[in-house]
Amino acid sequence: MPELRTDRLVLRDWREADLGPWAAMNADPEVREYFPGVLTREQSEASAARFQADLDQRGWGWWAVEVVATGEFIGFTGLDPVDDGMPFTGVEAGWRLARSSWGHGYATEAALAVVDFGFEALALPELLAVTTATNLRSQAVMRRLGMTHDPAEDFDDPDVPEGPLRRNVVYRLVRGARPSTGQ
């Protein structure tokens with residue numbers, strides 16, 4: 001499983017020590033603002049186990065994100081095939097960070113590393129990112145990655161109950177549409 005590095009971050013396998021901070025992140029209503037609810041510790045641990053299993057099986061997926069200078073676990077980023085039942089196919093780039101890590105550019109830095117990995121190591125022709133229509137912070141990261149949004153692709157997520165979280169937007173980036181960061 002490749003470990004990805006940026007100037008300030010390492011994207012790596014999940015560790016036992018990540019489970020406490022990961023569960024705390026997923027129990028934080030602000031971190032989970034654009035999801036139907038918070039997760040229990042058991043749900044968080046199960047998701048981390050699934051993420052690691054995917055990394056072990058295919059060599060890529062949702063990596064744990066650590067700050068190089070401190071060794072602190074701050075969240076996850078990575079690539080994942082789009083779930084069945086969605087109105088599109090492809091590989092999605094995504095991220096989620098602890099609230100204390102917001103505003104430092106970490107999401108963009110980590111996402112750029114996985115975008116480069118997807119295009120260079122996996123030779124994917126395109127990547128996409130999906131979020132709720134109201135999640136303006138994630139949409140800003142998508143734009144910083146060079147992704148573009150076509151309102152014709154907006155959709156209602158069938159797995160989310162009626163309400164403000166149901167409407168989603170899709171951003172796309174075609175390989176070669178932005179210069180590589182070389183990370």
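Residues numbered from 1 in each chain as written. Predicted model: local features only at pLDDT ≥ 70, side-chain atom pairs only at ≥ 80, totals over all residues. Heavy atoms only, no water.

Draft legend 1. Summary view of the packing of helix 1 (residues 19-26) against helix 2 (residues 41-58). Following both chains from N to C, one finds helix 1 and helix 2 inclined at 120°, their axes separated by 9 Å at the closest point. Classified by the angle between their axes, helix 1 and helix 2 sit oblique to one another. For helix 1 against helix 2, the interelement crossing comes out right-handed. Residues Leu19, Gly20, Trp22, Ala23 and Asn26 of helix 1 touch helix 2, and the partners they reach there are Arg41, Ser44, Glu45, Ser47, Ala48 and Phe51. (Axes fitted to C-alpha atoms, helices over the stretch in contact; angles between N-to-C directions. Helix = DSSP H or I, 4+ residues; strand = E, 2+ residues; numbered from the N terminus. Parallel < 35°, antiparallel > 145°, perpendicular 65-115°, else oblique. Left-handed = near helix turned anticlockwise from the far one by under 90°. Contact = heavy atoms within 4.5 Å.)

Draft legend 2. Main features of the packing of aromatic side chains. Within the structure shown, the criterion is met by 11 aromatic pairs. Ring centres of phenylalanine 51 and tryptophan 62 lie 6.5 Å apart, and the angle between their planes is 65°; this geometry places the pair in the edge-to-face category. Linking phenylalanine 51 in helix 2 with tryptophan 62 in strand 3 (residues 62-67), this pair joins segments that are 11 residues apart in sequence. Seen from their ring centres, phenylalanine 88 and phenylalanine 155 are 5.2 Å apart, and the 70° between their planes marks the pair as edge-to-face. Here phenylalanine 155 lies in strand 8 (residues 155-156) and phenylalanine 88 lies in the loop between strand 4 (73-81) and strand 5 (91-97), a separation of 67 residues in the sequence. The positively charged end of arginine 32 is found above the aromatic ring belonging to phenylalanine 35, 4.3 Å away from the centroid. (Phe/Tyr/Trp six-rings, centres within 6.5 Å; stacked < 30°, edge-to-face > 60°. Lys NZ or Arg CZ within 6 Å of the ring centre and 35° of its normal.)

Draft legend 3. Focus on the pattern of salt bridges. Tallied over the full model, the rule gives 15 salt bridges. Between arginine 99 and glutamate 30 there is a salt bridge, and its shortest N-O distance comes to 3.2 Å. In this pair, arginine 99 sits in the loop between strand 5 and helix 3 (106-120) while glutamate 30 sits in the loop between helix 1 and helix 2, placing the two residues 69 residues apart along the sequence. Given the relative accessible area of 38%, arginine 99 is considered partly exposed. The salt bridge involving arginine 58 is made with aspartate 80; its shortest N-O contact spans 2.7 Å. Placement of arginine 58 in helix 2 and of aspartate 80 in strand 4 is noted, with a sequence separation of 22 residues between them. (Salt bridge = Lys/Arg side-chain N within 4 Å of Asp/Glu carboxyl O. Buried < 20%, exposed > 50% of the residue type's maximum accessible area, 1.4 Å probe, protein only.)

Draft legend 4. Structural detail: the nonpolar core. Core analysis: the biggest nonpolar cluster contains 46 residues, and Leu11, Trp14 and Trp95 have the highest contact counts within it. Here this core takes 10 residues from helix 3, the largest share from any one element. Contact partners of tryptophan 95, with chain neighbours within four places excluded, come to Trp62, Phe76, Thr77, Ala107, Ala111, Ala129, Ser138, Val141, Met142 and Leu145. (Core = buried A, V, L, I, M, F, W, Y, C linked by side-chain atoms within 4.5 Å.)

Draft legend 5. View of the pairing of strand 4. Within strand 4, 8 of the 9 residues are buried, which leaves it mostly tucked inside the rest of the structure. Hairpin connection from strand 3 to strand 4: 5 residues lie between these consecutive antiparallel strands, with glycine 71 at a positive phi of about 75°. Of the pairings in the sheet, the one linking strand 4 to strand 5 comprises 7 bridges and is antiparallel in character. Paired with threonine 77 across the two strands is tryptophan 95, which belongs to strand 5. (Pairing = 2+ DSSP bridges.)

Draft legend 6. Here's a closer look at helix 2. With 18 residues, helix 2 should reach 26 Å at 1.5 Å per residue; the first-to-last C-alpha distance of 26 Å fits that figure. Of all the positions in helix 2, only Ser44, Ser47, Ala48, Phe51, Gln52 and Leu55 are classed as buried. Take helix 2 and look down its axis: the buried residues cluster within an arc of 135°, on one side only. Exposed residues lying more than 90 degrees from the buried face of helix 2 are Glu42, Asp56 and Gln57. Residues of helix 2 that are buried make contact with strand 2 (9-12), helix 1, strand 3 and strand 4. (Expected span 1.5 Å × (residues − 1). Arc of directions from axis to C-beta.)

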